[in-house]
Amino acid sequence: MTVPLSTVDPAVAPAPPATGPRGPGATGGRRRRVLLRIGALLVLYVLWEIAARTTRNPAFIPSPAAVWHQLIVTSTTHDGIRGYSGHLLIEHLGVSLRRILVGSVIGVAGGLVLGLLMGTVTVLRIVVEPVVTFVRALPPLAYFSLFIIWFGIDETPKLWLLSIAALPPVAVATAAAVLSAPAGLIEAARALGASRWATVRDVVLPSALPEIGTGVRLAVGVAYSSVVAAETINGVPGIGGMIRDAQRYSQTDVVVLGLFAIGLSGLLIDALLRTAENRLIPWRGRS
Amino acid sequence: MTVPLSTVDPAVAPAPPATGPRGPGATGGRRRRVLLRIGALLVLYVLWEIAARTTRNPAFIPSPAAVWHQLIVTSTTHDGIRGYSGHLLIEHLGVSLRRILVGSVIGVAGGLVLGLLMGTVTVLRIVVEPVVTFVRALPPLAYFSLFIIWFGIDETPKLWLLSIAALPPVAVATAAAVLSAPAGLIEAARALGASRWATVRDVVLPSALPEIGTGVRLAVGVAYSSVVAAETINGVPGIGGMIRDAQRYSQTDVVVLGLFAIGLSGLLIDALLRTAENRLIPWRGRS
Amino acid sequence: GNGAASGTNKAEAKTIRLAYQAFPSGDLIVKNQGLLEKALPDYKITWTKFDSGASINTAFVAKSVDIAAIGSSPVARGLSAPLNIPYQVAFVLDVAGDNEALVARNGSGVADVAGLRGKKIGVPFASTAHYSLLAALDQAGVKESEVTVVDLEPQDILAAWTRGDLDAAYSWLPSLDDLRKTGKVLIASRQLATAGKPTLDLGVVSTAFAQAHPEAVDAWRKVEAQALDLIATDRAAAAKAVGQELNISPADAEHQLSQGVFLKPADLASDEWLGTEAKVGKLAENLVSAAQFLKDQQKIDAVPDLATVQKSVYVKGLPDVLSH
Amino acid sequence: MSSAIELAGVQHSYGDVTAVGPVDLVVPPGEFLVLVGASGCGKSTLLRLIAGFEQPTRGTIRTAGEPPVPGRGAGLVFQQPRLFPWRTVGGNVALALKYAGLPTDRVGELLESVGLHDVAHRRTWQISGGQQQRVAIARALAVDNPLLLLDEPFAALDALTRERLQEDLREVSARTGRTCVFVTHSVEEAVFLGSRVVVLTARPGRVALDLPVNLPRTGVSPSRLRALPEFAALRATVRSAFEELPV
Amino acid sequence: MSSAIELAGVQHSYGDVTAVGPVDLVVPPGEFLVLVGASGCGKSTLLRLIAGFEQPTRGTIRTAGEPPVPGRGAGLVFQQPRLFPWRTVGGNVALALKYAGLPTDRVGELLESVGLHDVAHRRTWQISGGQQQRVAIARALAVDNPLLLLDEPFAALDALTRERLQEDLREVSARTGRTCVFVTHSVEEAVFLGSRVVVLTARPGRVALDLPVNLPRTGVSPSRLRALPEFAALRATVRSAFEELPV
Ligand SMILES: Nc1ncnc2c1ncn2[C@@H]1O[C@H](COP(=O)(O)OP(=O)(O)OP(=O)(O)O)[C@@H](O)[C@H]1O
Ligand SMILES: Nc1ncnc2c1ncn2[C@@H]1O[C@H](COP(=O)(O)OP(=O)(O)OP(=O)(O)O)[C@@H](O)[C@H]1O
Ligand SMILES: [Mg+2]
Ligand SMILES: [Mg+2]
């Protein structure tokens, strides 16, 4: 699918040559991939079942059946109660996904701008880079209270938290990638009469795209994993709020269900991002 | 210092040419840098002082003087009490730094191995990549209680948490960088008779180093910002535990002091990492 | 991996692992003055700070603690399915008094609990204050659905309060002090306690530990009782010890201590609380009612029956142990 | 009008490696200057100095009376194609037009002029080495700069394509009166293209021979030009200057 | 012994672009085969097929009787230098020796053999284009492979260096009896080096002329060889084959 090296089966060494970027058997590869993944899932499931049966403590490791049961309970209305804490699982997830989406978009956009500026404008790098490094070392749990003072307890502080969590990977990756932009191509653009800004737009940015893509994927992951922190405050509805609540009442099966909801939707979004990346960056490995 | 583009003053457009990778005025640049940073610090300080004076609520924004006072209090023995909660600030920080260090090292090593394997062995990528994506979407706060149940309340669960937090940036960055390895150079190595493993070691890994470096810096930052989450349980001594404690008692000046301790030591470590990176990667922008 | 592996069966090692929390109580005095260490010189004693009952429950599940200071609400949870933590309540550290209260913000126009209808109230979920708030609402005939209850940690309540985002809050010291400055107390836990809905801070002992080391449990109860005596007799000394543990001034600590209800050691064995070996006290009923509350909240699957809970009250040697 | 290029005592060092100089050289407008010299003698460095990508360690450089600034008034073909992999072949040429504020519909025509058909939509790694080099030439020729700097532009081309492009370049420069500096390893090419040939010594490159070429630049067919006895004589002069250099 | 290289009906397409073929070619061991053809006609593709980096779309390839595997039994000089920027110049050459399990103390000698002194410690971007190409040659020659595939290795070199390296290569191949496939754009070079010259048609490259060169390969000085009338005749034959190709 990608660079020759990676399409090669490790069993055959030294690797046989691949026929260009897209080798034959791409469809055979897809079937094999699906089979492998299903196999891996089955193995994980069996391991889980065994672990649950041997520990025999649902507070440690809830059984798959218990989690499945919670999935049904939280997705339906039982005894006049809708799902969990009055909201269906899908609603919790939806609210959180919206927050993650908005937070990621803001964080990625901010990180991109900051990273580009840090990478290209020396004065800004000198002043802004330490600030970014400082901020990204700070634990969200520690400064979240300040956000409440500034932004209240509704959506705003949550979005701020997620944005600030998502910003550093993009900013750092972009700044680093910009510094790694191929000197030869920057010269080529300048020789063609490109202005400073045109050079950034037409050379530096495209050459940084693969690394920026990685930064974006990391950023969305970080936003995801910050959703519980963001929803410590007034977090219901919200998958993070649900998990927190369940945690405090030791409802491990609901916690695990929430983790699955987060992890699976995270997988989906990452797959989308990866597809977009491959479309946008056909020149990977060629510069 | 690096690529011509970035050493150029933005005021002069189109940029005048730089004379090679290390332009003249490197020492003049250093003085300017120090001056700029001191200036920025002063501005921040004045802003803080103004904010503290106008809000007049030390529970929200403690004055610089109050934080300074806490620095002295927590760093000395007063009325028979050592520092904060029986430990000096430097001890809290030291304990946490040790945790961050161990967690980062484990996480980075694990991420590197996983990333390399994911990038080079197709079967592993198909199976392991979704797992990594899944795990990195999970909020540490959600699964930390599982760690407590599995590993007790001492160092082990904290180190696990920090390692798992630090792993994904390195793993994702490494895997992506490996896929971006220049196809031409991989062919060159194979033409020289390199084995599969030699190609990885001599081409793929070096070409991925700049991006891995970014991943490592992000990983250490993530470990830093996870230290409060890791120290929610049995976290004293520890800077995260100290911050949480202070937070519960609305001792905002101690919280801010803790944030400074984290942020500044984070800056220092990042600077070390950056220096190491520049030493290790003289070819940045040349491949 | 030390927690799960070692556990309490390592009786020969003679160690006691105590979990404590940062609320003012005799427990902090015991720790600060090293009373237990003096009473049991041949035990290796470790103190671990926790910041919520939930995490202490988790630590019990992980077999990482032997004795803990924990609120009545998490204990009710721990004793119910699915957790069924094998621990027993062996001490009442304090009863919430004026140190936990429901406060309405000046300007919210709320004059009494019934006036909270349609208002926004902040409270840390799963805490004793949460339990008390719902009890207070119930008492006043306000349905939970008629108000907006927001999950906030005490420090966050203060922040949201200052902004005017909350109309009322049920919280505890020290943030309660700040709330009271700009608000009006609607009801305090002291009143709820007299109305039969007390919230308590309890001392619990893991069953395995209590069976292996009954003499250590006795020693622990004695020093806790000693601390209660100190609070009653020498407030200043007690405040100094508590203040040191909480990183606050002795004056602040004294102020906080003065608002809690600390029982006399002798009262502990009364029918009102733990009771005696012959007859377990009302505490068990209180825990059952807390569990019922959790069941109503859909947080536990089933309410344990009274007999089971009574077995989980450690009354061995009562009342003699506490009367020195 | 001032000289197109003026080098006075120019010397350039990379760290402690002196690559060029000192060189004194005055190039009047319209001149077609060909630089010849051993591999590593400093030809590319000299071109980069004239383009403004390097600052001389000693001496001064003026192009059209001003210190050179990259991208101002000079088209440059680097020794490597340096195509942008994120743009198609056509997109690479279009970029040059865009920067000059010209309409981008001339892309096809420009590619055609270097003998490339049907590759405009390809990615840059989907064409051969010689094709890449021709794209770089088309890109540099897209804009009518008064100065043209070419670093071995035809090195990767077969004899026929090379001759055709040589003739085109000769014709263009004669017609438009642009100043050209052309680096080559082929003595034949040097004499055919140049109105003046400069042979550099081994590193650090200094002027070893500065030879005016007084062959007719128009009105003679290329093959007849190559067959002239003066052509052979000039070729021999350059070649022997080359051979007599101390190594 | 079987043929060094055997191509039977070999054809190669990149997507819908057919680059080469069909080509049938048998190269006996010890032959010095030179490939000539227009830019973009498929020379590099043919070399990559023989090296095992591409699989033929049709037909079969054998080197020493086996399907070719990259890095096994063949040294390869790509059209671009492809040096590793994370290694010094010397480190690049050392790598080749390391992979062959040879001691790395021959690095200096190998660099010397391509006319490079004092650059072993430099970074790869601190040497000129021609020097880079020579490092790539030294790297490929470090190991004695029975087969040597060279894609325009001397394109970036000045006339004198080029001639010296041509003579070295001619001498080495004659002495060691290695099989060589050499791509060039210079007809002169083709005739001088080759024991056989193959001219390819324009894309898709097919064999247009397959010419044995029966010049003495030893015992004659290079300048005398170039002066032989047979040399001129062969050069003319190749050149005209080239010119007669349909474009
Ligand atoms: N990846 C590719 N996709 C599509 N077409 C390609 C690809 N690589 C090469 N080609 C085309 O195949 C043909 C042969 O390419 P090849 O590189 O073999 O030419 P060549 O004879 O080496 O030319 P040159 O002398 O310019 O190096 C060219 O027309 C080229 O445009
Ligand atoms: N960055 C650098 N650092 C040190 N030395 C360098 C650097 N760049 C070039 N050199 C040296 O300077 C000399 C001149 O290099 P230059 O590229 O100008 O040569 P050239 O005449 O273009 O050679 P070629 O014909 O091989 O392209 C060479 O000997 C080279 O090794
Ligand atoms: Mg050069
Ligand atoms: Mg080629």
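From a predicted model like this one, the values you see are computed outputs, not experimental measurements.

Asks: Explain the overall build of chain D here, please?
Replies: On a plain count of helices and strands, chain D comes out with 8 helices and 9 strands. For 247 residues, the compact-globule estimate of 2.2 N^0.38 gives 18 Å, and the C-alpha radius of gyration of chain D, at 18 Å, lies within 12% of that figure. If one aligns the C-alpha atoms of chain D with their principal axes, the spans along those axes are about 50 × 45 × 35 Å. For chain D, the residues scored as buried account for 58% of the 247 residues in total. Within chain D, contacts between residues at least 6 apart in sequence are counted, and of these 67% link residues at least 24 apart. For chain D, the exposed area adds up to about 9600 Å²; of that, 52% sits on carbon and sulfur atoms.

Asks: Explanation requested: the overall build of chain C in the structure shown.
Replies: When its secondary structure is counted, chain C shows 16 helices and 10 strands. Scaling as 2.2 N^0.38, a compact globule of 324 residues should have a C-alpha radius of gyration of about 20 Å, and chain C matches this with 19 Å. With respect to the principal axes defined by its C-alpha atoms, chain C has extents near 60 × 45 × 40 Å. Relative to its 324 residues, chain C shows a buried fraction of 62%. Here chain C has roughly 11500 Å² of accessible surface; of this, 51% comes from carbon and sulfur atoms. Treating the 31 positive side-chain charges of chain C as one cloud and the 38 negative ones as another, the clouds have centres 2 Å apart.

Asks: Before we go on, may I ask you to explain the site of ligand 2 in this structure?
Replies: Residues in close proximity to ligand 2 total 22 residues, the closest being Gly40, Ser44 and Thr45 of chain D together with Arg122 and Ser128 of chain E. Taken together, the residues near ligand 2 originate from chains D and E. With respect to ligand 2, the backbone of Gly42 of chain D contributes an N or O atom lying 2.8 Å from an oxygen atom. At 3.2 Å, a side-chain N or O of His185 of chain D approaches an oxygen atom of ligand 2. Elements represented by at least two residues in the shell around ligand 2 include exactly strand S2 (17-27) and helix H1 (43-51) of chain D together with helix H4 (129-141) of chain E. Of the residues belonging to the shell around ligand 2, the class tally is 6 nonpolar, 12 polar and 4 charged.

Asks: Help me out: how do you make sense of the relation of the copies chain B and chain A in this one?
Replies: The second copy of the chain is related to the first by a rotation about an axis and a shift along the axis. Overlaying chain B on chain A yields an RMSD of 0.2 Å, the required transformation being a rotation through 180° with an accompanying axial translation of 0.1 Å. On the angle and the small slide along the axis, the relation comes out as a two-fold axis. Ranked by how close their C-alpha atoms come to the rotation axis, the residues of chain B are headed by Glu211 of chain B, at 3.6 Å. Counting the interface residues of chain B, we find that 99% of their copies in chain A are interface residues as well, pointing to one common contact surface.

Asks: So what exactly am I meant to see when it comes to the coordination of the magnesium ion (ligand 3) here?
Replies: In ideal tetrahedral geometry, four donors around a metal make angles of 109.5 degrees, whereas ideal octahedral geometry with six donors gives angles of 90 or 180 degrees. Bound to the magnesium ion (ligand 3) are the protein donor atoms Ser44 of chain D (OG) and Gln79 of chain D (OE1), situated 1.9 to 2.2 Å from the metal. On the criterion of sequence distance, the pair formed by Ser44 of chain D in helix H1 and Gln79 of chain D in the loop between strand S5 (74-77) and helix H2 (89-99) is long-range, its members being 35 residues apart.

Asks: Can you help me understand the pattern of salt bridges in this one?
Replies: Oppositely charged side chains may form a pair once their charged atoms are brought near each other. As enumerated under the stated definition, the model contains 70 salt bridges over all chains in all. The partner of Asp270 of chain B in a salt bridge is Arg136 of chain A, and the shortest N-O contact between them spans 2.8 Å. Here the residue Asp270 of chain B occupies a position in helix H12 (residues 252-280), and Arg136 of chain A occupies one in helix H5 (residues 122-137), the pair thus bridging two chains. Relative accessible area serves as the criterion here: at 3%, Asp270 of chain B is assigned to the buried category. The class for Arg136 of chain A is buried, based on a relative accessible area of 9%.

Asks: Mind showing me how you'd approach the pairing of strand S3 (residues 32-36) of chain E here?
Replies: When a strand is regular, its side chains alternate between the sheet's two faces. All names here are of chain E. Here S3 lies mainly inside the structure; 5 of its 5 residues are buried. Alternating residues of S3 divide into Phe32, Val34 and Val36 and Leu33 and Leu35, and every residue in both groups is buried. Here 4 bridges tie S3 to strand S7 (residues 179-183), and the two strands are oriented parallel to one another. When the bridges of S7 are listed, Phe32 appears paired with Cys180. In terms of strand pairing, S3 meets strand S8 (residues 196-200) through 4 bridges, oriented parallel. Within S8, the residue paired with Leu35 across the bridge is Val198.

Asks: I'm lost on the site of ligand 1 in this one. Help?
Replies: Residues in contact with ligand 1 amount to 22 residues; listed here are only the nearest, Ser128 of chain D together with Gly40, Lys43, Ser44 and Thr45 of chain E. Ser128 of chain D has a polar side-chain atom sitting 2.6 Å from an oxygen atom of ligand 1. His185 of chain E places a polar side-chain atom, nitrogen or oxygen, 3.2 Å from an oxygen atom of ligand 1. The fraction of the free accessible surface of ligand 1 (630 Å²) that becomes covered by protein chains is 92%. For the shell around ligand 1, the elements supplying multiple residues, two or more each, are helix H4 (129-141) of chain D together with strand S2 (17-27) and helix H1 (43-51) of chain E. For the shell around ligand 1, the residue count by class is 6 nonpolar, 12 polar and 4 charged.

Asks: Whenever I open this one, unusual backbone geometry confuses me. Can you help?
Replies: Backbone geometry follows two general trends: most residues other than glycine have a negative phi, and most peptide bonds adopt the trans configuration. Look at the link from Val236 of chain A to Pro237 of chain A: it is a cis peptide, with omega at 0°. A cis geometry characterises the amide bond from Arg203 of chain E onward to Pro204 of chain E, with omega recorded as -5°. Positionally, Pro204 of chain E belongs in the loop between S8 and strand S9 (207-212). At Ser85 of chain B, a residue that is not glycine, the phi angle is positive and equals roughly 55°. Mapped onto the elements of the fold, Ser85 of chain B is located in the loop between strand S2 (81-82) and helix H4 (89-120). Backbone geometry places Glu152 of chain D, a non-glycine residue, at a positive phi of 45°. For Glu152 of chain D, the position within the fold is in the loop between strand S6 (147-151) and helix H5 (159-176). Given the relative accessible area of 5%, Glu152 of chain D is considered buried.

Asks: Any chance you could explain the coordination of the magnesium ion (ligand 4) here in plain terms?
Replies: Ligation of the magnesium ion (ligand 4) by protein atoms is provided by Ser44 of chain E (OG) and Gln79 of chain E (OE1), these donors lying 1.9 to 2.2 Å from the ion. Of the residues examined, Ser44 of chain E reaches a relative accessible area of 21% and is grouped as partly exposed.

Asks: I'm lost on helix H6 (residues 140-151) of chain B in this one. Help?
Replies: Residues that lie three or four places apart on an α-helix share one face, since the helix turns once every 3.6 residues. Where burial is concerned, most of H6 of chain B is hidden: 11 out of the 12 residues are buried. Backbone geometry just after H6 of chain B places Gly152 of chain B at a positive phi near 85°.

Asks: Can you help me understand the packing of helix H5 (residues 72-79) of chain C against helix H15 (residues 283-296) of chain C in this one?
Replies: Describing two packed helices takes the angle between their axes plus the distance from one axis to the other. All names here are of chain C. Where H5 contacts H15, the axes come no closer than 9 Å and their chain directions differ by 80°. Judged by the angle between their axes, H5 and H15 are roughly perpendicular. Across the interface between the two elements, Ser72, Ser73, Val75, Ala76, Arg77 and Leu79 of H5 pack against Leu287, Ala290, Ala291 and Leu294 of H15. Per-class residue counts for the contact of H5 with H15 are 7 nonpolar, 2 polar and 1 charged.

Asks: I'm lost on the confidence of the model for chain C in this one. Help?
Replies: The predicted coordinates ought not to be read in detail in places where the model reports low pLDDT. Mean pLDDT for chain C: 86, with 95% of residues reaching 70 or above. Every residue in residues 1-11 of chain C is under pLDDT 50, and counting partners more than four places away or in other chains gives 23 contacts.

Asks: So what exactly am I meant to see when it comes to the environment of Leu192 of chain C here?
Replies: Residue and element names in this part refer to chain C. The topology assignment puts Leu192 in helix H9 (residues 189-194). Considering only alpha carbons, one finds Leu192 and Ala96, 96 residues apart in sequence, at a separation of 9.2 Å. In this structure Leu192 touches Ser132, Ala135, Ala136, Gln139, Tyr170, Ile187, Lys197 and Pro198, once residues within four positions along its chain are discounted.

Asks: Could you clarify how one ought to interpret the packing of aromatic side chains in this entry?
Replies: To describe a pair of aromatic rings, you give the distance between the ring centres and the angle between the ring planes. Taken as a whole, this structure holds 31 aromatic pairs over all chains when the rule is applied. When the ring of Phe32 of chain E is compared with that of Phe182 of chain E, the centres are 6.0 Å apart and the planes differ by 40°; the resulting orientation is tilted. Taken together, the positions of Phe32 of chain E in strand S3 and Phe182 of chain E in strand S7 put the pair 150 residues apart, joining distant regions of the chain. Residue class for Phe32 of chain E comes out buried when judged on its relative accessible area of 1%. The exposure class of Phe182 of chain E is buried, given its relative accessible area of 0%. Pairwise contacts between aromatic rings join Tyr143, Phe144, Phe147, Trp150, Phe151 and Trp160 of chain A into one cluster. Positioned above the aromatic ring of Phe192 of chain D is the side chain of Arg226 of chain D, whose terminal nitrogen or guanidinium carbon lies 4.1 Å from the ring centre. Between Arg82 of chain E and the ring centre of Phe78 of chain E, over which it is positioned, the NZ or CZ distance is 4.0 Å.

What counts as what
Residues numbered from 1 in each chain as written. Chains lettered and ligands numbered in written order. Predicted model: local features only at pLDDT ≥ 70, side-chain atom pairs only at ≥ 80, totals over all residues. Heavy atoms only, no water. Helix = DSSP H or I, 4+ residues; strand = E, 2+ residues; numbered from the N terminus. Rg over C-alpha atoms; globule rule 2.2 N^0.38 Å. Buried < 20%, exposed > 50% of the residue type's maximum accessible area, 1.4 Å probe, protein only. Contact = heavy atoms within 4.5 Å. Areas by Shrake-Rupley, 256 points an atom, 1.4 Å probe, with all protein chains shown as cover. Lys, Arg positive; Asp, Glu negative; His and termini not counted. Charge placed at Lys NZ, Arg CZ, Asp CG, Glu CD. Near = heavy atom within 4 Å. Polar contact = N/O pair within 3.5 Å; in protein donor to acceptor, adjacent residues only side chain to side chain. Nonpolar A, V, L, I, M, F, W, Y, C, P; charged D, E, K, R; others polar. Least-squares fit on C-alpha atoms with pLDDT ≥ 70 in both. Donors = N, O, S within 2.8 Å, 3.2 Å for Na, K, Ca; no water. Salt bridge = Lys/Arg side-chain N within 4 Å of Asp/Glu carboxyl O. Pairing = 2+ DSSP bridges. Axes fitted to C-alpha atoms, helices over the stretch in contact; angles between N-to-C directions. Parallel < 35°, antiparallel > 145°, perpendicular 65-115°, else oblique. pLDDT = per-residue confidence, 0-100. Phe/Tyr/Trp six-rings, centres within 6.5 Å; stacked < 30°, edge-to-face > 60°. Lys NZ or Arg CZ within 6 Å of the ring centre and 35° of its normal.

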